[in-house]
Amino acid sequence: MSEARFGEGEERSLEATLRPASLDEYVGQAEAKRSLTTLLQAARERGEAADHLLLHGPPGLGKTTLAAIVANELGVQIRFTSGTAIDHGGDLAAILTNLVPRQVLFVDEIHRFNRAQQDGFLPFVEEGIVTLVGATTENPSFELNGALLSRCQVYVL
């Protein structure tokens, strides 16, 4: 199982230090930024995890950066994983059972999870334990199951 945490410890990469840390620093995607600003402000005022997000668009538009910004703006930890990194059901279970309340769970290439794996997220999403941020280059309407999709706000970048 391959998993990383963005910007953690002394081994922050040069890439991580160059990424914007807030929506104000993020360049482009004006419509998404306006909507995310409202979403994050509401979550902070409620003192709860933010609504779940799916970021859809071609590679290189900043989906991973936006996920890190969401966590930073909420003042919570982010946990990174990828649909290609989860080989066995136990890998996904290990990630889900070790989540911290209100933490952001970023899943790159979420479309790579099969339907059963996607269903594994549902209890955590429904209970609002964490904020799920999924990124996909594929159309989420075709690649994600309806139950998970209906619980997420989709941002097309």
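A brief look at the structure comes next.

Parameters and conventions
Residues numbered from 1 in each chain as written. Predicted model: local features only at pLDDT ≥ 70, side-chain atom pairs only at ≥ 80, totals over all residues. Heavy atoms only, no water. Buried < 20%, exposed > 50% of the residue type's maximum accessible area, 1.4 Å probe, protein only. Helix = DSSP H or I, 4+ residues; strand = E, 2+ residues; numbered from the N terminus. Salt bridge = Lys/Arg side-chain N within 4 Å of Asp/Glu carboxyl O.

### Topic: the pairing of strand β2 (residues 78-82)
Here's step 1: Counting buried residues along β2, five of its five residues qualify, which places the element largely inside the surrounding structure.
Here's step 2: Both faces of β2 are covered, namely the face carrying I78, F80 and S82 and the face carrying R79 and T81.

### Section: the pattern of salt bridges
Here's step 1: Using the criterion set out here, one finds four salt bridges in the structure.
Here's step 2: Here E48 ties to R46 by a salt bridge, and the two come within 3.2 Å at their closest N and O atoms.
Here's step 3: Judged by its relative accessible area of 39%, R46 falls in the partly exposed class.

### What about unusual backbone geometry?
Here's step 1: Backbone geometry at Q29 places phi at a positive 55 degrees, although glycine is not the residue there.
Here's step 2: Along the chain, the position of Q29 falls in the loop between α1 (14-18) and α2 (30-46).
Here's step 3: With phi around 55 degrees, E109 is a residue other than glycine that occupies positive phi space.
Here's step 4: Judged by relative accessible area, E109 falls into the partly exposed class, the value being 23%.

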